[in-house]
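Descriptive analysis of the structure
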Amino acid sequence: MNLLPPPGPRTLVAGIGNVFLGDDGFGVETARRLAERDLPGHIEVVDIGVRGVHLAYQLLDGYDTLVLVDATARGEAPGTLYVIEHDVGGGSPSPAAPALDGHRMTPDTVLALLGTLCAGTGGEPPRRVLVVGCEPASVDEGIGLSPPVSDAVPEAVRLIERLLRHGEPGESAPRATAGGIATRGETG
């Protein structure tokens, strides 16, 4: 039996965050809803939660694109969605070992750990890393998203689907339901 090659480069969409800290659960909820959608076979959606170390090891399996979905405080109105292109070619990994506090691993920390793991194993990091973020209203202890962040989840699902279909964030990206602007920038 011949197996056909995958229909496209492998993509991992990872929802990250702590569901016990209010709006920090945005990435987890968005990933849950996105996983219910009919996506091509080369796109994998996972709920990573606070297991950043697990994410770094999973990325060693080889993905062309990584989309991290997370609460992202950048000073705009709660519910504002962001698309941030992470600069993966921004130099060699830091010589200092990344902090391995599994409950506080930011996207930058996960990617630094991945760089260290790739250097040690000969693996390749994703060619492209996007962060789809949502401005939180509150990350205080408590379960459940605030109304503006909850309202932004379906919009984030549509935004991610559009990014996966077209491969590039752009001017036609959906706007956040809270009236915020989906923006482009760099991290790292």
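Structure first, text after, so check above.
The structure contained in this document is the topic of the report that follows. Quick caveat: nothing in here was measured; it's all calculated off a predicted structure.

Quick look at the environment of R74
Position of R74 among the secondary structure elements: in the loop between β3 (65-71) and β4 (81-86). With relative accessibility at 40%, the residue R74 sits in the partly exposed group. Sequence-wise, R74 and E135 are 61 residues apart; in three dimensions their C-alpha atoms are separated by 6.6 Å. Residues in contact with R74, not counting those within four places in the same chain, are Y82, I84 and E135.

What to know about the pattern of salt bridges
Within this structure, the stated rule accounts for seven salt bridges. Here E161 makes a salt bridge to R37, at a shortest N to O gap of 3.1 Å. Residue E161 is found in helix α4 (residues 147-166), and its partner R37 is found in the loop between α1 (26-35) and β2 (43-49); the two are separated by 124 residues along the sequence. According to the relative accessible area criterion, E161 is buried, its value standing at 16%. What makes R37 partly exposed here is its relative accessible area of 41%. Of the charged contacts, one joins E85 and R128 as a salt bridge, the two residues approaching to 3.0 Å between their closest N and O atoms. Note that E85 is positioned in strand β4 and R128 in strand β5 (residues 128-134), a separation of 43 residues in sequence. When its relative accessible area of 17% is taken as the criterion, E85 is described as buried.

A short note on the packing of α1 against α4
Closest axis-to-axis distance for the α1/α4 pair is 9 Å, and the angle between their directions is 55°. In terms of orientation, α1 and α4 fall into the oblique class. Once α1 is placed against α4, the crossing between them reads as right-handed. Of α4, the residues touching α1 (which contributes F26, E29, T30, R33 and L34) are V149, V153, P154, A156, V157, I160 and E161. Taken together, the residues that form the contact of α1 with α4 break down as eight nonpolar, one polar and three charged.

Some remarks on a nonpolar patch on the surface
Together, V19, F20 and I143 make up a nonpolar patch on the protein surface, roughly 320 Å² of accessible area in all. Its location among the elements puts V19 in the loop between β1 (11-16) and α1.

Some points on α4
The terminal C-alpha atoms of α4, which comprises 20 residues, lie 29 Å apart, in line with the 28 Å expected from a rise of 1.5 Å per residue. Remark: the principal bend of α4, roughly 30°, maps to V153, with a proline, P154, within the next four residues. Buried-residue contacts for α4 involve β1, α1, β3, β4 and β5.

Looking at the pairing of β2
Within β2, five of the seven residues are buried, which leaves it mostly tucked inside the rest of the structure. Here β1 pairs with β2 via six bridges, running parallel. Across the sheet, G15 pairs through a bridge with D47, a residue of β2. Crossover handedness for the path β1 to α1 to β2: right-handed.

Calculation rules
Residues numbered from 1 in each chain as written. Predicted model: local features only at pLDDT ≥ 70, side-chain atom pairs only at ≥ 80, totals over all residues. Heavy atoms only, no water. Helix = DSSP H or I, 4+ residues; strand = E, 2+ residues; numbered from the N terminus. Buried < 20%, exposed > 50% of the residue type's maximum accessible area, 1.4 Å probe, protein only. Contact = heavy atoms within 4.5 Å. Salt bridge = Lys/Arg side-chain N within 4 Å of Asp/Glu carboxyl O. Axes fitted to C-alpha atoms, helices over the stretch in contact; angles between N-to-C directions. Parallel < 35°, antiparallel > 145°, perpendicular 65-115°, else oblique. Left-handed = near helix turned anticlockwise from the far one by under 90°. Nonpolar A, V, L, I, M, F, W, Y, C, P; charged D, E, K, R; others polar. Patch = residues over 30% accessible without salt bridge, like charges linked within 9 Å, V, L, I, M, F, W, Y side chains within 5 Å. Areas by Shrake-Rupley, 256 points an atom, 1.4 Å probe, with all protein chains shown as cover. Expected span 1.5 Å × (residues − 1). Bend = angle between axes of the 7 residues up to and from the residue. Pairing = 2+ DSSP bridges. Right-handed = clockwise from strand over helix to strand, strands pointing away.

Any functional reading would require information beyond the geometric quantities listed.
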